[in-house]
Amino acid sequence: MTRDRLIGLALCIAGCILVVSALQIRRVIPIGIAPGTFPIVLAGLLGGLGLVLMVRRTPPAAPRLSWPAARTMAALAVFIGMSAFALMAFERLGFVVTGAVIVLAVGWMLHAGWRMLIPAALLAPLTIQVVFENAFSVPLPAGVLAGLIP
Amino acid sequence: MIETLLSSSALVFQPLVLLALLSGAAFGLFVGAIPGLSATMATALLVPVTFFMDPLPAMALIVSSSAMAICAGDIPAAILRIPGTPASAAYTDEAYALTRKGQANTALGTLLVAAAFGGLFGSIVLMTFAPVLASFAIRFSAFEYFWLAMLGLSCVVLVSGNDPIKAAIALILGMTLSTVGLDAMSGQPRFTFGVVELMGGVSFIPVMIGVFATSAVIRALVKGRTATGDDPLPQVRGRILRAVWPVLRRYPFGFLRGSAIGTGIGILPGAGGDLAAWISYALSRRFSRTPSAYGTGHPEGLVDAGASNNAGLSGAWVPALVFGIPGDAITAIALGVLLMKGLNPGPTLFTADAPLLYAVFLCFLLANILLIPLGLLAIRLSRTLLKVPQPVLMPVILLFCIVGSFAINNSVFGIGAMLAFGLIGYVMEDNGFPVAPLILGLILGPLVERTLSQASIIARGDVLMFFERPVSLVLGIVAIVVWGLIILKAARKPRTQPAPVTTKETSS
């Protein structure tokens, strides 16, 4: 099995789910095309193209489906974990603390030297928060540092 | 016309607009010179900053940053053999070979002058051609717009990547995303699955930031190393422009040819500067008197291709401003910014907001004039720029992505969408799916649906009415021919599987 076939299968399933979902959209105005028509066509095309991707002949050199390399798995795990942390902590801990953790995690994965990484983790989120709040009026959550940030 | 230009000049020569032009150029220069970061990414990262600006400074920021990023991408191409942006990839080996011959000044200077020439040429075409086209397009009805949007989307599929099936999937995915939320006509929720945040639709900003910027961070995480190597960097000394003069005298026609080809290709939706550079380089070699010298450090190819990619950038604005159909990913983002500012791109913009539009055109001219001094500065600073530690830069880029996605609605949902689309963008590129059609589908999807709905109300079920008006007939036939070409291209047995994206991205 190639990666393309797996993606094709996923698109086929997604297309079917979307067609079923679009069929449930009610028509309330009897003029023009119904609100569900365009989504049904698109979902059908998505599923159909997925089917083409699944069944078409692939060149012998096409990448076979295999377990990703350890490095890829680790990187994606760090990214997904960091994303979950960012979504949960952003409003509770605030941008500065969350941002510092993100800088440290990503920088560590990219083999950044601690001498550069620690000042970057401390200064970059703080600078961004101060600039966006004061220059662009974007109220980033202060979280645990409420009252301490200028 | 002259009156409009005068009032536009008054708008442009305001401190805030000039500051936006300069800061956009400086930002573009920085992003473009760093391998792995693209001009599209520079533009996407600037979108949150434009929220808080008036339309003209916002457009000035985007125009100058994209032009400068494309130009600055030539620096690592010539010095490190790593294209700073994909638009420089076509002639990277040529520029590097010239540098290895000890002619770094000639390589960098030629590319800089060619970029400025191409940009100015494209801007002049934009200024003269777009209003003429707009005066013609003002008579267009829903039928013409429907076919035009279909043609634009079809061209995107035809020219994006090696595999039209994958490009079509990316496009349909983008169009499907554009249907999420409350239907504009009936108010019925579509594909919201009970999520309140999806009622307003999928905001294109987190999607763009995700697929262009966040995916670059994920790619760096997966690779676990930086794009720049540890080789000693060559020193750029002496007068750069003096080294260009002999090239200018020898190949004056190349500057013009590259600019004309670049502008023409740029106008084609989905093509952009990357494709323009590849085609110009190939044509330059084909018609050269010394084709065997190509690949060994021959400046002729640099003249054509260097002018072409920047000219393509200006050309892409023609369909974007006249029809509201973006020519490439950068203009798709710019179009989003215009819509956000309450300006509807299309022929009426040329009458309703003519001074503003001409002011944007003047920003193009100024940005391309600024290329020379700022580009020279960038070349002088190249050693410093190329040594920026990417392991520290990447997490900071991610912070900007987070702030930009949060700032749209002050909601964590935007951050989630951005992170999810970063992952989707990474998976897509890793498997040979181009991401530019996704964005163009997201932007053009509502236009296709709206015009289809309007046209079907007028036609009352008569399909032939879609071909009754002369322009819609021509556009319809061309669109059907393009579909035929796509099917032919897809039916051909793929010779090789497209390689997963490594250091470069699929759009400029």
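Below, the structure is looked at part by part. (Residues numbered from 1 in each chain as written. Chains lettered and ligands numbered in written order. Predicted model: local features only at pLDDT ≥ 70, side-chain atom pairs only at ≥ 80, totals over all residues. Heavy atoms only, no water.)

### Here's the deal with the overall build of chain A
Here is the rule we go by: We count a stretch as a helix when DSSP gives it H or I for four or more residues in a row; a strand needs E for two or more, and each element gets its number in order from the N terminus. As defined in this context, the radius of gyration uses C-alpha atoms, and a globule is described by 2.2 Å times the residue total to the power 0.38. Surface accessibility follows the Shrake-Rupley procedure with a 1.4 Å probe radius. Residue values consider only the protein chains on display as shielding.
A tally of helices and strands in chain A yields five helices and zero strands. Along its sequence from the N terminus, chain A presents helices and strands in the succession α-α-α-α-α. Since a compact globule built from 150 residues should have a radius of gyration of about 15 Å, the 23 Å found for chain A marks it as more spread out than a globular shape. The C-alpha extent of chain A, read off along each of the three principal axes, is 55 × 50 × 20 Å. In the form shown here, chain A has an accessible surface area of approximately 8000 Å², with 73% of it arising from carbon and sulfur atoms.

### Considering a nonpolar patch on the surface
All names here are of chain A. Selection rule: Two joining distances apply to patches: 9 Å for like charges and 5 Å for nonpolar side chains (Val, Leu, Ile, Met, Phe, Trp, Tyr), and every residue must have over 30% relative accessible area and no salt bridge. What counts as a salt bridge is simple: a side-chain nitrogen of Lys or Arg found within 4 Å of a carboxyl oxygen of Asp or Glu.
Together, Leu104, Trp108, Trp114, Ile118, Leu122 and Leu123 give the surface a local cluster of nonpolar side chains, amounting to about 650 Å² of exposed area. Every element with two or more residues in the nonpolar patch is listed here: helix H4 (95-109) and helix H5 (114-135). Considering every element that reaches the nonpolar patch, the biggest residue donor is H5, with four residues. Inspection of the secondary structure puts Ile118 in helix H5.

### Digging into the packing of helix H10 (residues 204-223) of chain B against helix H20 (residues 390-407) of chain B
Residues and elements named next belong to chain B. The condition is simple: Interaxial angles span 0 to 180 degrees and are taken between N-to-C directions of axes, which are lines fitted to C-alpha atoms, for helices over the stretch in contact. Relative orientations are named as follows: roughly parallel for angles under 35 degrees, roughly antiparallel for angles over 145 degrees, roughly perpendicular for angles from 65 to 115 degrees, and oblique for any other angle. Should the near helix be turned counterclockwise from the far one by less than a right angle, the crossing is left-handed, whereas a clockwise turn marks it as right-handed. Any two residues whose heavy atoms approach within 4.5 Å are treated as being in contact. Amino acid classes used here: Ala, Val, Leu, Ile, Met, Phe, Trp, Tyr, Cys and Pro are nonpolar; Asp, Glu, Lys and Arg are charged; the rest, including Gly, are polar.
The geometry of H10 relative to H20 is characterised by a closest axis approach of 10 Å and an angle of 160 degrees between their N-to-C directions. The angle between H10 and H20 places the two elements in the roughly antiparallel class. Considering only the axes of H10 and H20, their crossing is left-handed. Touching Pro206, Ile209, Ala213, Thr214, Ala216, Val217 and Ala220 of H10 are Met394, Ile397, Leu398, Cys401, Gly404 and Ser405, all from H20. The class makeup of the residues in the contact of H10 with H20 is ten nonpolar, three polar and no charged.

### Considering the packing of aromatic side chains
Residue and element names in this part refer to chain B. Basically, it comes down to this: Only Phe, Tyr and Trp rings take part, Trp by its six-membered ring, and two of them pair if their centres are within 6.5 Å. Stacked means planes under 30 degrees apart, edge-to-face means over 60, and tilted covers everything else. Note on criteria: charge over ring means Lys NZ or Arg CZ within 6 Å of the ring centre, with the direction from the centre no more than 35 degrees off the ring normal.
In this structure the tally under the stated criterion is 17 aromatic pairs over all chains. Among the aromatic residues, those joined into a ring-pair cluster are Phe143, Phe146, Trp147, Phe466, Phe467 and Trp483. A cation over a ring is seen here: Lys166 above Phe433, with NZ or CZ 5.2 Å from the ring centre. Over the ring of Phe287 we find Arg286, and its NZ or CZ is 5.5 Å from the ring centre.

### A few points about the layout of surface pockets
Residues and elements named next belong to chain B. Our working rule: Buried and open spaces are told apart on a 1 Å grid over the protein atoms alone, a cavity being a set of points where a 1.4 Å probe fits but cannot get out and a pocket being an open set with protein on both sides within 12 Å along at least five of seven lines. Residues with an atom within 4 Å of a point are the lining residues. Grid points are joined across faces, edges and corners, and a volume is the space filled by probe spheres set on the points.
Put simply, the largest pocket is a space of about 1200 Å³. Among the elements of the structure, helix H8 (142-159), helix H9 (164-178), strand S1 (181-182), H10, helix H16 (329-340) and helix H22 (436-459) are those that each provide at least two residues to the lining of the largest pocket. Among the elements that make up the lining of the largest pocket, the one with the highest residue count is H22 (ten residues). Among the residues forming the lining of the largest pocket, the class breakdown is 28 nonpolar, 15 polar and four charged.

### Re the environment of Gln188(B)
Defined as follows: Relative accessibility thresholds used throughout: buried, under 20% of the residue-type maximum; exposed, over 50%; partly exposed, between the two (1.4 Å probe, protein chains only).
Within the fold, Gln188(B) resides in the loop between S1 and strand S2 (189-190). For Gln188(B), a relative accessible area of 11% translates into the label buried. For the pair formed by Gln188(B) and Leu386(B), sequence separation is 198 residues and the distance between their alpha carbons is 52 Å. Excluding anything up to four places from it in sequence, Gln188(B) contacts Ile25(A), Arg26(A), Val28(A), Pro35(A), Gly181(B), Leu182(B) and Asp183(B).

### Some thoughts on the pattern of salt bridges
Residues and elements named next belong to chain B. Tallied over the full model, the rule gives nine salt bridges over all chains. In this structure, Arg190 engages Glu449 in a salt bridge whose closest nitrogen and oxygen atoms are separated by 2.7 Å. Here Arg190 is found in strand S2, whereas its partner Glu449 is found in helix H22, with 259 residues between them in sequence. As far as burial versus exposure is concerned, Arg190 and Glu449 are alike and both buried.

### Quick look at the nonpolar core
Residues and elements named next belong to chain B. For the record, the criterion: The criterion is simple. A nonpolar core is a set of buried Ala, Val, Leu, Ile, Met, Phe, Trp, Tyr and Cys residues joined through side-chain atoms within 4.5 Å.
Ranked by internal contacts, the top residues of the largest apolar core, which has 168 residues, are Trp317, Leu321, Val322, Phe323, Phe361, Ile397 and Ile439. Ranked by residue count, the leading element in this core is H10, at 14 residues. Core analysis: the second largest hydrophobic core is formed by 33 residues, Ile240, Tyr281, Tyr294 and Ala305 among them.

### Observations concerning the environment of Phe30(B)
All names here are of chain B. As for its position among the elements, Phe30 is in helix H2 (residues 15-33). Here Phe30 falls in the partly exposed class, since its relative accessible area comes to 28%. Apart from the residues lying within four places of it in its own chain, the contact partners of Phe30 are Leu385, Val388 and Leu393.

### Concerning the packing of helix H12 (residues 252-267) of chain B against helix H14 (residues 299-315) of chain B
Residue and element names in this part refer to chain B. With their axes 6 Å apart at the nearest point, H12 and H14 run at an angle of 35 degrees to one another. The handedness of the crossing between H12 and H14 comes out as right-handed. Where H12 approaches H14, its residues Gly254, Phe255, Arg257, Gly258, Ser259, Ile261, Gly262, Thr263, Gly266 and Ile267 are matched on the opposing element by Glu300, Val303, Asp304, Ala307, Ser308, Ala311, Gly312 and Gly315. Grouping the amino acids of the contact of H12 with H14 by side-chain chemistry returns six nonpolar, nine polar and three charged.

### Regarding the interface of chain B and chain A
Here is the rule we go by: Accessible-area loss on putting two parts together, using a 1.4 Å probe and summing over both, is the definition of buried area adopted here. Any pair of nitrogen or oxygen atoms within 3.5 Å is treated as a polar contact; in protein, a donor-acceptor pairing is required on top of that, and neighbouring residues in sequence qualify only through side-chain atoms on both sides.
Contacts between chain B and chain A engage 64 residues on the former and 61 residues on the latter. Approximately 5700 Å² of surface area, both sides summed, lies buried where chain B meets chain A, with 81% of it carried by carbon and sulfur atoms. Residue Arg56(A) is joined to Asp163(B) by a salt bridge in which the shortest nitrogen-to-oxygen separation is 2.5 Å. Applying the counting criterion to the chain B and chain A interface returns seven residue pairs in polar contact (both at pLDDT 80 or more). If you list the elements that add at least two residues to the side of chain B that touches chain A, you get H9, S2, H10, H20, helix H21 (412-430) and H22 of chain B. Here the element with the most residues in the side of chain B that touches chain A is H20(B); it accounts for 13 residues. By residue class, the composition of the side of chain B that touches chain A is 40 nonpolar, 15 polar and nine charged.

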